[in-house]
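Reading the structure
Read off the chains here:
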2 protein chains.
Amino acid sequence: MNGSGRLSEDQLIARYFAPFAGEGAFGLRDDAARITPRDGHEIVVTVDAIVSGIHFFPDDPASSVGRKALAVNVSDLAAKGARPLGFVLSLALPDDWRPAWLEEFAEGLHQAAMSFGCPLLGGDTVRANGPFWASVTAFGETPKGTMVHRFNAAAGDAVCVTGTIGDAALGLSLRKDPLSAWAQEMTLEKRVHLTDRYLHPQPRIALADVVRRHARAAMDISDGLAGDLAKMAKASGLTAEVDLASIPLSAAARLALEADPSRIDTIVTGGDDYELLCAVAPENLDEFSAEAAAAGVSAISIGRFCKGDSLPLFSDATGQKRYQVGSYTHF
Amino acid sequence: MNGSGRLSEDQLIARYFAPFAGEGAFGLRDDAARITPRDGHEIVVTVDAIVSGIHFFPDDPASSVGRKALAVNVSDLAAKGARPLGFVLSLALPDDWRPAWLEEFAEGLHQAAMSFGCPLLGGDTVRANGPFWASVTAFGETPKGTMVHRFNAAAGDAVCVTGTIGDAALGLSLRKDPLSAWAQEMTLEKRVHLTDRYLHPQPRIALADVVRRHARAAMDISDGLAGDLAKMAKASGLTAEVDLASIPLSAAARLALEADPSRIDTIVTGGDDYELLCAVAPENLDEFSAEAAAAGVSAISIGRFCKGDSLPLFSDATGQKRYQVGSYTHF
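Because the structure is a prediction, the values reported are computed rather than measured. (Residues numbered from 1 in each chain as written. Chains lettered and ligands numbered in written order. Predicted model: local features only at pLDDT ≥ 70, side-chain atom pairs only at ≥ 80, totals over all residues. Heavy atoms only, no water.)

Attention now goes to the sheet that holds strand S5 (residues 133-143) of chain B. Two modes of strand pairing occur in sheets, parallel and antiparallel, and in both the strands are linked by backbone hydrogen bonds. The strand order S1(A)-S2(B)-S5(B)-S3(B)-S4(B) describes an open sheet built from 5 strands, whose pairing is mixed. Every other strand in the sheet has two partners, leaving strand S1 (33-35) of chain A together with strand S4 (120-127) of chain B as the edge strands with one partner each. Mean inter-strand twist for the sheet, computed between neighbouring axes without regard to direction, equals 20°. Sheet analysis places S1(A) next to strand S2 (residues 41-51) of chain B, joined by 3 bridges and oriented antiparallel. Following the sheet pairing, A:Ala33 is matched in S2(B) by B:Val45. Along the sheet, helix H2 (residues 62-79) of chain B makes contact with S2, strand S3 (83-93) and S5 of chain B, crossing S2(B) at roughly 140°. Contacts from helix H3 (residues 99-116) of chain B reach S3 and S5 of chain B within the one sheet, and its direction differs from that of S3(B) by about 170°. (Pairing = 2+ DSSP bridges. Helix = DSSP H or I, 4+ residues; strand = E, 2+ residues; numbered from the N terminus. Axes fitted to C-alpha atoms, helices over the stretch in contact; angles between N-to-C directions. Contact = heavy atoms within 4.5 Å.)

Written as structure tokens, this is what we have:
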């Protein structure tokens, strides 16, 4: 190896990734991995990539990037009611990749894999003349036939969300403009909270069982509440109504909103929440919220699904609006 | 949509990919897919990416690129003794992507998925300022505990290969220099054969059961026979000896070799064969070859594994050599 990082792929794997390979990975010395679901269970699989300059800033901490690459996928598993089993990683390294950066990336990934109970099972690494690119395919298991879908919401179901909404989008605003007036008015603690929510999504693994028991439909909120609710409603052949005042906000987000009420749009349409959006039948709502609380995460109703095919309606005392899905989904 | 290809990701998926989604994909309308192995079976998972300018030429037919993205992964499954179940796709589209190219890519992938019995289960698509990048994670199933590994070869086992070796590497030479003297001396049919072997790898799915029944260790030959044999020998704590004259060659490769005997190095070290390399105990060799032939693919012994830790030795009447692994594996 020299200063520009000349390692064979085998050396690169052995140095950075083999230390946290799971049982079915055979030390990353084989061409494939093995996944053995428990009897009566099946596999849930999801894939999400993150790209430098699109899903993270080139100067975000590499360990945070590594953590996020896995977190966004484990978040999908939780939304489907699945327990994580492991993941495979496909990496494209830019021509100017630095060993120190990759080591830190791998360390963040390693910590996330341990924290999420989701070990590395295999991967592929190529060098390409483009941005750093990491695609994760993650596996979970559910009892057969119990995977929770995006498209099964029923008219009358409560629109439920976990945790708090909008923190990551506000954290991203802070990240882009740390010297803005509203940032200056906030305590350091609140600024750290928002930035941390952007950098370090918390996949709601603890809620996988609760979702499977009580949600008729579920998905994670990655592209903004408004856009993802529109997707769930459309997939279910419905629309939805949301009470803006009911959307759960952190103390920091509440302060940001008080400083500028128009910031509600950022909160509702910004991405990277990685909370869960669930359709819950009214008769299951109390149990759903109670069991989620017992698992350490709040989960509350903010509206309901109803018949219709328009975009979801968001209302407060001052009026109503329907959000167009953000342009970031366009190619 | 306009001329530069403005589609939402949902439209892009619905148009190009949903037509060949498998049963567990829920029409690609969910956030995850389901894989249900049969009772008593487990999942084998493999991941390989292909990048424009590295694994294929930007002007290779897009349908061939789509086919290859899946074929190189299904080849790994076959080498592990696994029957294909499906795959997920992670795509990075360059800023200047063209709908016509992507449509042709998807069509090649579609045909391959049908031909390999390996349906699309899900995916992720991002736009990135870099080369076209496609990463496939493919799933197969084997009866529990029967996955064939790379690292179990035993001293005395025969080194076996399927099909013919070196065609793709010669096809790549033709692709790079179609007007070279040796190319001109070949019939069109032979040139087409070699080029086709480079563009359209034939994963040996038909041999998965035979490999599982009779091979002690197996892997596919993707990085050249010499390099991959070195990997298998090293992983098994062994070395190997190969009789160069025994390596199975197509009529076209034989002609190319007669024109220039030094071309044996291209044949032995070139990549993209996507044949299988197997370690077979001497007492199983006859049955292995007979059952492979019955499945329509030749599989013969070209040498044997033996104790030692040097690189594999390749011998013919004129001498012996040990090949260094190609520099293409370096980062």
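Residues and elements named next belong to chain A. Judged from the 4 bridges that link them, strand S8 (residues 239-243) and strand S10 (residues 299-306) form a sheet pairing that is antiparallel. Bridged to Ala240 within S10 is Phe305. Relative to strand S11 (residues 313-316), S8 is paired through 3 bridges, and the arrangement is parallel. By the bridge assignment for S11, Glu241 is matched with Leu313.

Residues and elements named next belong to chain A. The 7 strands are arranged S7-S9-S6-S10-S8-S11-S12 in an open sheet whose pairing can be described as mixed. Of all the strands in the sheet, the pair left with one neighbour each is strand S7 (215-221) and strand S12 (319-321). Ignoring which end each strand starts from, the neighbouring axes of this sheet average 25° apart. Sheet contacts for helix H2 (residues 62-79): S7 and strand S9 (275-280); angle to S7, the most-contacted strand, approximately 170°. Strands strand S6 (158-162), S9 and S10 of the sheet are contacted by helix H11 (residues 285-294), whose axis makes an angle of about 150° with S10.

Under the criterion given, the structure shown has 20 aromatic pairs over all chains. On the numbers, 5.8 Å between centres and 15° between planes, the contact of A:Trp101 with A:Phe105 is stacked. One end of the pair is A:Trp101 and the other is A:Phe105, both in helix H3 (residues 99-116) and 4 residues apart, which spans about a single turn. Accessibility assignment for this pair places A:Trp101 and A:Phe105 in one class, buried. Across from the ring centre of A:Phe151, 4.8 Å away, lies the NZ or CZ of B:Arg29, which sits over that ring. Above the face of the B:Phe57 ring, B:Arg175 is positioned so that its terminal group lies 4.2 Å from the ring centre. (Phe/Tyr/Trp six-rings, centres within 6.5 Å; stacked < 30°, edge-to-face > 60°. Buried < 20%, exposed > 50% of the residue type's maximum accessible area, 1.4 Å probe, protein only. Lys NZ or Arg CZ within 6 Å of the ring centre and 35° of its normal.)

What follows deals with the side chain of A:Ser236. Residue and element names in this part refer to chain A. Within the element layout of this structure, Ser236 appears in the loop between helix H8 (225-235) and S8. Polar side-chain contacts of Ser236 include one of 3.2 Å to the backbone oxygen of Phe151. At 3.1 Å, the side chain of Ser236 forms a polar contact with the backbone nitrogen of Ala153. Apart from residues no more than four positions distant in its own chain, Ser236 is found in contact with Arg150, Phe151, Asn152 and Ala153. (Polar contact = N/O pair within 3.5 Å; in protein donor to acceptor, adjacent residues only side chain to side chain.)

Residues and elements named next belong to chain B. Within the secondary structure, Ser246 sits in the loop between strand S8 (239-243) and helix H9 (251-259). A relative accessible area of 25% means that Ser246 is categorised as partly exposed. Sequence-wise, Ser246 and Ser315 are 69 residues apart; in three dimensions their C-alpha atoms are separated by 9.9 Å. Apart from residues no more than four positions distant in its own chain, Ser246 is found in contact with Ile300, Ser301 and Ile302. There is a polar contact of 2.5 Å between the side chain of Ser246 and the side chain of Asp243.

Here the focus is the relation of the copies chain A and chain B. Overlaying chain A with chain B gives an RMSD of 0.0 Å, the required rotation being 180° about an axis along which the chain moves by 0.0 Å. Taken together, these values place the two copies in the relation of a two-fold axis. For chain A, the residue whose C-alpha comes nearest the rotation axis is A:Gly130, separated from it by 2.0 Å. Comparing contact sets, 100% of the residues at the interface of chain A also lie at the interface in chain B, consistent with an isologous, same-surface contact. (Least-squares fit on C-alpha atoms with pLDDT ≥ 70 in both.)

Turning our eyes to something else, we now look at unusual backbone geometry. Residues and elements named next belong to chain A. Despite not being glycine, Phe26 has its phi angle at roughly 50°, a positive value. Looking at the element boundaries, Phe26 is found in the loop between helix H1 (9-17) and S1. Its identity is not glycine, yet Tyr274 carries a phi of approximately 55°, on the positive side. By the secondary structure assignment, Tyr274 is in the loop between helix H10 (264-269) and S9.

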